[in-house]
Amino acid sequence: MLARPPLAGLKVVEFCQVAAGPFCGMLLADYGAEVVKVEPPEGDAMRQWPPVSGGYSENFASINRGKKSVALDLKDPADRDFARALVLEADVLVENNRPGVMQRLGLGWDWFGPRKPALVYCSISAFGQVGPRSTEGGFDLTIQAATGVMSVTGEPDGAPVKCGVPLSDFAAGLYAAFSISAMVARVRAGGPGGTIDVPMFATTIAIAALQTSEYFGTGKNPRKLGSAHPRNAPYQAYRAADGWFAIAAGNNKLWQSVCEVVGAPEWADDPRFASTTLRAANQGVLKDMLEARFASDTSHAWLERFRAAGVPSAPINGYAEALADPQAEALGLVVPATLPGGHATRTVGCPIRLDGGAVAVNTTFPALGEHTAALRAQPKEQP
């Protein structure tokens with residue numbers, strides 16, 4: 001356990017709902033920041049998302065641990081002034097409303113900047129604070145569609161599908177937390193605060209570095225390949241006698257090991273497979289050849305052989321299997337937790353190890369408005 005978390009002493013006020021902003025706030029809380037979540041009187045919409053255990057959403061809990069909750073009607077002048085007072089005592093404001101909403105509420109950078117120039121003001125939105133689409137809203141699905149992710153996801157002849165994990169939401173949250181930490185470092189070094197603009201559209205394009213560079217280099221759109229790779233093979237999911245498994249032989253040495261494992265050392269000399277580029281170009285025929293061999297045994301048996309040969313490989317796990325992996329236990333990923341009301345559950349803790357140990361996360365989860373009265377009772381600087 002860390003003697004002092006790296007963001008200890010940092011105060012954050014979060015005006016966020018659903019995923020991207022709350023995930024950012026949780027990352028800061030995991031690293032020791034005090035995060036006050038400002039919710040509308042009816043609460044963050046994610047509080048209603050199933051599964052609901054003992055009256056509390058486990059989805060909501062998964063990205064809101066370690067926070068305090070204040071329920072405010074920000075259109076009410078008294079509540080708005082209380083929110084302003086909270087921010088004036090804080091180091092960071094993070095919000096994920098549509099551009100213009102915070103300004104209309106009297107909570108924009110235009111109000112805080114002159115009064116607290118050291119404030120770090122982070123805005124997460126679908127398309128950013130400027131540009132012709134800045135006023136549009138968006139959710140993970142529509143951002144995946146707009147940024148090209150859905151064009152490279154799924155089987156070559158299949159209907160458009162999204163990535164099963166909401167990567168646009170969580171990539172934006174990660175970029176926001178990283179940018180906030182960088183700006184806080186600047187402030188602590190004596191520099192000014194300022195604004196951070198995190199467009200989900202831009203961050204989702206940015207994490208597609210391999211796909212955008214492929215387009216820049218070829219002038220052609222990358223295409224859907226299912227689980228296959230455009231530049232490597234064998235590098236995908238394959239069918240064995242009882243199901244599927246994945247191998248990633250991304251270089252010539254590993255390819256030679258695959259040939260040895262499947263009992264076909266002569267394939268290493270086949271001119272169609274002489275390089276990663278050629279194997280990728282001929283991966284359809286290579287897949288048929290490999291699966292003809294794989295049909296003779298179970299996926300478990302093949303995985304054991306590939307592991308022994310040092311070829312990266314894995315079963316196609318569900319989350320139950322992934323969370324039960326001995327490596328997940330060794331990394332301390334699954335953490336016991338108790339929801340408000342006493343329901344025992346589990347959550348995935350901080351995945352990063354600092355100073356050789358797991359980060360001890362705060363597994364308390366706020367009831368709606370739980371901390372409103374206590375924070376109102378504390379003396380505040382008048383806005």
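What counts as what
- Residues numbered from 1 in each chain as written.
- Predicted model: local features only at pLDDT ≥ 70, side-chain atom pairs only at ≥ 80, totals over all residues.
- Heavy atoms only, no water.
- Helix = DSSP H or I, 4+ residues; strand = E, 2+ residues; numbered from the N terminus.
- Contact = heavy atoms within 4.5 Å.
- Areas by Shrake-Rupley, 256 points an atom, 1.4 Å probe, with all protein chains shown as cover.
- Lys, Arg positive; Asp, Glu negative; His and termini not counted.
- Charge placed at Lys NZ, Arg CZ, Asp CG, Glu CD.
- Core = buried A, V, L, I, M, F, W, Y, C linked by side-chain atoms within 4.5 Å.
- Buried < 20%, exposed > 50% of the residue type's maximum accessible area, 1.4 Å probe, protein only.
- Polar contact = N/O pair within 3.5 Å; in protein donor to acceptor, adjacent residues only side chain to side chain.
- Phe/Tyr/Trp six-rings, centres within 6.5 Å; stacked < 30°, edge-to-face > 60°.
- Lys NZ or Arg CZ within 6 Å of the ring centre and 35° of its normal.

> Sorry, what's going on with the overall build of the chain here?
A tally of regular secondary structure across the chain gives 16 helices and 15 strands. Its C-alpha atoms give the chain principal-axis dimensions of roughly 80 × 50 × 40 Å. Sequence-distant contacts in the chain: of pairs separated by 6 or more residues, those separated by 24 or more amount to 68%. As presented, the chain carries roughly 18,900 Å² of accessible surface, and 57% of it is formed by carbon and sulfur atoms. Counting 34 positive and 37 negative side-chain charges, the chain places the centres of these two groups 4 Å from one another.

> Explain the nonpolar core to me, please; I cannot follow it from the model alone.
Across soluble globular proteins, you tend to see nonpolar side chains buried next to one another. Val12, Cys24, Leu28, Val94, Cys122, Ile124 and Ile180 are the most contacted members of the largest nonpolar core, which has 40 residues in total. Mapped by element, the contributors of at least two residues to this core are helix 1 (20-30), helix 2 (58-62), strand 6 (92-95), strand 7 (120-125), helix 7 (167-188) and strand 8 (194-199). Excluding residues within four positions of it along the chain, Cys24 makes contact with Val94, Ile124, Gly173, Ala176, Ala177 and Ile180. Tyr238, Trp255, Val258 and Leu290 belong to the second-largest nonpolar core, a separate cluster that totals 23 residues.

> For this particular structure, what's the right way to read the side chain of Ser53?
Within the secondary structure, Ser53 sits in strand 3 (residues 52-53). Assessed through its relative accessible area of 13%, Ser53 is described here as buried. Side-chain polar atoms of Ser53 contact the side chain of Glu58, separated by 2.7 Å. Not counting chain neighbours up to four residues away, the residues in contact with Ser53 comprise Glu58, Leu339 and His343.

> Just to check I follow, could you spell out the packing of aromatic side chains for this structure?
According to the stated counting rule, one finds 13 aromatic pairs in the structure shown. Summarising the aromatic geometry, the rings of Phe23 and Phe170 are spaced 4.5 Å apart at their centres and angled 65° between planes, so their arrangement reads as edge-to-face. Taken together, the residues Phe23 in helix 1 and Phe170 in helix 7 connect sequence positions 147 residues apart. Clustering of aromatic rings is evident, with ring pairs tying together Tyr238, Phe245, Phe294, Trp302 and Phe306. Here the guanidinium or amino end of Arg115 rests over the ring plane of Trp111, the centre of that ring lying 4.0 Å away. Above the face of the Phe82 ring, Arg376 is positioned so that its terminal group lies 4.6 Å from the ring centre.

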